[in-house]
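So the chains spell out like this:
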Amino acid sequence: TQLLEQSPQFLSIQEGENLTVYCNSSSVFSSLQWYRQEPGEGPVLLVTVVTGGEVKKLKRLTFQFGDARKDSSLHITAAQTGDTGLYLCAGDEFNAGGTSYGKLTFGQGTILTVHP
Amino acid sequence: DTEVTQTPKHLVMGMTNKKSLKCEQHMGHRAMYWYKQKAKKPPELMFVYSYEKLSINESVPSRFSPECPNSSLLNLHLHALQPEDSALYLCASSQDRVGYEQYFGPGTRLTVT
C-alpha cells in the first residue's frame, strides 16, 4: 500500500484565522475519510468523500476530494479553540486489480492548536 | 447511534500478567478492527475481523491474541507484554465493506510496567 502524505504536520494559529490541511497520494482511493481526535480519546469521523471532485461542508469545515481521487483537503473557516486536535485523513485504497485492500491508509496527522 | 464502547478505559499491567481488552458495538456492523496508537501518531492497524472471521493480521506479535465471539464483540487478549507495548488501543467498526468509514471507540490506555 502507498502512503498518504498529510501536511502541514503542525499548525498553530489564532482564533478567527482560516486554515487548510492537505492529504496527497500517488494512489487512487475509493473513498477518503477525515477524522478529528482529542487527547486520550478515539478519532471521531467528520466526513467521508467518495466521488472525484466532491465538496462537502460541515458548518465551518469544507472537505474536497480531488478529481482523480488521489488527494483531499480540509479547510476550516474562522477557527475556534474547540477546533484544536489531531486531524487525520484516511483512505480506502484500491489495488491494481481494482479491489479494496480492506483497510484504511492513514496520513501522519496534523496537530492543530487554536489560541484564544 | 454510532457508538463503539471499550473497557477498561485504563489498564496497568506487569510483564507477566494476562489481561483482556473488550470492545462492543450494536450498530450491526460486520467488520471490526484493533489499532495501536502512540502519542501524536496515526493509529496502526493490528487486526481486522470481517463477518467474525480474522481477515487481516498485520504481523502482530503472538503476545496479542484477538477474538471475535460474535458480531457485536471483539476482544484482545494480552500476555507477556513489553513496556514498548504501552499505548492507546483503539477498536473500530464499519458497516460491511471492510476498511470503509470506520467508527472508533474511546480507546484503552495501556501501561506495561
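An account of the accompanying structure is given in this report. Just so it is clear, the structure is predicted and the values come from calculations on it, not from any experiment.

Observations concerning the sheet that holds strand S1 (residues 4-7) of chain B
All names here are of chain B.
Thought 1: Across the sheet, 4 strands lie side by side as S1-S3-S8-S7; this open sheet has antiparallel pairing. The strands lining the two open edges of the sheet, one partner per strand, are S1 and strand S7 (64-70). Across the sheet, the mean angle from the axis of one strand to that of its neighbour is 20°, orientation sign disregarded.
Thought 2: Across 7 bridges, the pairing between strand S3 (residues 18-25) and strand S8 (residues 73-79) is antiparallel. Note that in S8 the partner of Cys23 across the bridge is Leu74.

Quick word on empty space enclosed by the protein
Residues and elements named next belong to chain B.
Thought 1: Enumeration over the complete set of coordinates arrives at 1 cavity of 30 Å³ or more.
Thought 2: Roughly 30 Å³ of volume is contained in the largest cavity.
Thought 3: Forming the walls of the largest cavity are His29, Arg30, Ala31, Met32, Tyr49, Tyr51, Glu52, Cys68, Asn70 and Ser71.
Thought 4: Among the elements of the structure, strand S4 (31-37) and S7 are those that each provide at least two residues to the lining of the largest cavity.
Thought 5: Of the residues contributing to the lining of the largest cavity, the split by class is 5 nonpolar, 3 polar and 2 charged.

Some points on the interface of chain B and chain A
Thought 1: The partner chain A presents 24 residues to the 24 residues of chain B that form the contact.
Thought 2: Buried surface at the junction of chain B and chain A, summed over both partners, amounts to about 1800 Å²; 56% is from carbon and sulfur atoms.
Thought 3: Our enumeration of links across chain B and chain A arrives at 2 salt bridges.
Thought 4: Between Lys9 of chain B and Glu41 of chain A there is a salt bridge, and its shortest N-O distance comes to 3.5 Å.
Thought 5: At the boundary of chain B and chain A, one finds 7 residue pairs in polar contact (both at pLDDT 80 or more).
Thought 6: Elements that contribute at least two residues to the side of chain B that touches chain A include exactly S4, strand S5 (44-50), strand S9 (87-94) and strand S10 (103-104) of chain B.

Analysis parameters
Residues numbered from 1 in each chain as written. Chains lettered and ligands numbered in written order. Predicted model: local features only at pLDDT ≥ 70, side-chain atom pairs only at ≥ 80, totals over all residues. Heavy atoms only, no water. Pairing = 2+ DSSP bridges. Helix = DSSP H or I, 4+ residues; strand = E, 2+ residues; numbered from the N terminus. Axes fitted to C-alpha atoms, helices over the stretch in contact; angles between N-to-C directions. 1 Å grid on protein atoms, 1.4 Å probe; cavity = no way out; pocket = protein on both sides within 12 Å on 5 of 7 lines; lining within 4 Å. Points joined across faces, edges and corners; volume = space filled by probe spheres on them. Nonpolar A, V, L, I, M, F, W, Y, C, P; charged D, E, K, R; others polar. Contact = heavy atoms within 4.5 Å. Buried area = accessible area lost by both parts, 1.4 Å probe. Salt bridge = Lys/Arg side-chain N within 4 Å of Asp/Glu carboxyl O. Polar contact = N/O pair within 3.5 Å; in protein donor to acceptor, adjacent residues only side chain to side chain.

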